[in-house]
Amino acid sequence: DAKTTQPTSMDCAEGRAANLPCNHSTISGNEYVYWYRQIHSQGPQYIIHGLKNNETNEMASLIITEDRKSSTLILPHATLRDTAVYYCIVRNAGGTSYGKLTFGQGTILTVHP
Amino acid sequence: GAVVSQHPSRVICKSGTSVKIECRSLDFQATTMFWYRQFPKKSLMLMATSNEGSKATYEQGVEKDKFLINHASLTLSTLTVTSAHPEDSSFYICSAPGTGNRRAFFGQGTRLTVV
């Protein structure tokens, strides 16, 4: 799997957009960008994934640069419940291999009142 | 959406005893499940891949005789920590790949404390 680089921590004010960057300069053509988050003492939660187009769902938006070497996860209106560790993972999505994930250290997002 | 249920959520056991953790896919079938371990303030580390009807595949450095994995059906995988020691105290998490949606679903995790 391609290696990813994320900032160790970020802060965000409640109600504002949280923009979490991720670098994955060695990503290969068949690898997807996945974002998961882990709230303290819980199992990780899927947020969003994409290959090359920008994606949006009810939780977040994913912006992938044209060269696919970096991406940004956007939480449009952060709430206190969004405080968590956010993991950016690059993974081949063939078969069931997307279930086997290599977690880095992630970004600790703290949302302040 | 797909749900993965893990049980128990918390267990305390005495050193030398064995503990079984269950992971169930509630509304979908999973021929493959994954077991992770997470130490305090650390990231998740993949321990093994559980395969329905065949032997589990362990990651390098994980003792297969200590961490017994059984995938008896398409909806259930179990992890048994045998002869547990305090250093086995950790947060154990299972996951299963969803069907047709290219995402993984995780259990709630099991906090194991060996005293």
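See the structure printed just above.
Keep in mind that what you see is a predicted model, and the values were worked out from it rather than measured. Residues take numbers from 1 onward in each chain, read along the sequence in its written order. Chains and ligands are labelled sequentially in the order written, the chains with letters from A and the ligands with numbers from 1. Thresholds applied to this predicted model are a pLDDT of at least 70 for local features of residues and 80 or more for the giving and counting of side-chain atom pairs; totals over whole chains, interfaces and linings are not thresholded and use all residues. Only heavy atoms go into the side-chain values, all of them from the structure, while hydrogens and water stay out.

A.B. asks: Looking at this structure, I do not really get the state of the cysteines. What am I missing?
C.D. replies: Here is the idea: a disulfide is a covalent bond, and it sits between the sulfur atoms of two cysteines. Criterion for a disulfide: a pair of cysteine sulfur atoms at a distance within 2.5 Å. A complete count under the given rule lists two disulfides over all chains for this structure. There is a disulfide in this structure between Cys23(B) and Cys94(B), and the S-S distance comes to 2.0 Å. Between Cys23(B) and Cys94(B), the disulfide has an S-S torsion of 85 degrees and is therefore right-handed. Of this pair, Cys23(B) sits in strand β3 (residues 19-25) while Cys94(B) is found in strand β9 (residues 90-97), placing the two residues 71 residues apart along the sequence. The same class applies to Cys23(B) and to Cys94(B), which are both buried. With no disulfide of its own, Cys12(A) has Cys22(A) as its nearest cysteine by sulfur position, at a separation of 18 Å. Each residue's exposure class comes from its accessible area (1.4 Å probe, protein chains only) as a fraction of the maximum for that residue type: buried when under 20%, exposed when over 50%, partly exposed otherwise. Overall, the relative accessible area of 8% leaves Cys12(A) in the buried class. For helices the rule is a DSSP run of H or I covering at least 4 residues; for strands it is a run of E covering at least 2, with both sets numbered from the N terminus onward.

A.B. asks: How should the sheet that holds strand β7 (residues 67-73) of chain B be read in this particular structure?
C.D. replies: Note on sheets: strands pair through backbone hydrogen bonds, and any given pair is parallel or antiparallel. Residue and element names in this part refer to chain B. Taken together, four strands build an open sheet; the order of strands is β1-β3-β8-β7 and the sheet is antiparallel. Either end of the sheet is taken by a strand with one partner, and the two such strands are β1 (4-7) and β7. Strand after strand, the sheet turns through a mean of 15 degrees between neighbouring axes, direction not considered. Strand pairing follows a simple DSSP-based rule, namely that at least 2 bridges must link the two strands. Examined bridge by bridge, β7 and strand β8 (residues 76-81) share five bridges and lie antiparallel to one another. Within β8, the position partnered with Phe67 by the bridge is Val81. Here, axes are lines fitted to C-alpha atoms. For helices the fit covers the stretch in contact, and angles between N-to-C directions go from 0 to 180 degrees.

A.B. asks: Which parts of the structure should I look at to understand the interface of chain A and chain B?
C.D. replies: Many structure descriptions define interface size as the accessible area lost when the parts assemble. The interface is formed by 20 residues belonging to chain A together with 23 residues belonging to chain B. Together, the buried faces of chain A and chain B total about 1700 Å²; carbon and sulfur atoms form 55% of this surface. Of all residues in chain A, Tyr98(A), Lys100(A) and Phe103(A) give up the largest surface area on contact with chain B, accounting jointly for 28% of the area buried on that side. Note on definitions: salt bridges are taken to be side-chain nitrogens of Lys or Arg within 4 Å of carboxyl oxygens of Asp or Glu. At the junction of chain A and chain B, the tally comes to one salt bridge. Where Glu59(B) meets Lys100(A), a salt bridge forms, and the shortest distance between an N and an O atom there is 3.7 Å. Pairing of N or O atoms within 3.5 Å defines a polar contact, subject to two protein rules: one partner must be a possible hydrogen donor and the other a possible acceptor, and residues neighboring in sequence count only if both atoms are side-chain atoms. Applying the counting rule to chain A against chain B returns nine residue pairs in polar contact (both at pLDDT 80 or more). Among the elements of the structure, β3 (31-38) and β4 (45-50) of chain A are those that each provide at least two residues to the side of chain A that touches chain B. Counting residues per element, the side of chain A that touches chain B draws most heavily on β3(A), which supplies four residues. When checking whether two residues touch, look at their non-hydrogen atoms; a contact exists if any pair is within 4.5 Å. Accessible surface is computed with a 1.4 Å probe, and the buried area is the amount of it that two parts give up when combined, taken over both parts together.

A.B. asks: Just to check I follow, could you spell out the environment of Asn23(A) for this structure?
C.D. replies: Residue and element names in this part refer to chain A. Within the secondary structure, Asn23 is located in strand β2 (residues 18-23). Sequence separation between Asn23 and Cys88 is 65 residues; the distance between their C-alpha atoms is 8.8 Å. For Asn23, the residues in contact, after removing those within four places along its chain, are Lys3, Thr4, Thr5, Lys69 and Ser70.

A.B. asks: Teacher, can you tell me more about the side chain of Thr32(B) here?
C.D. replies: As for its position among the elements, Thr32(B) is in strand β4 (residues 32-38). Thr32(B) gets classed as buried once you look at its relative accessible area, which sits at 12%. Every residue in contact with Thr32(B), bar those within four places of it in the chain, is listed here: Thr96(A), Thr49(B), Ser50(B), Asn51(B), His71(B), Ala96(B) and Pro97(B).

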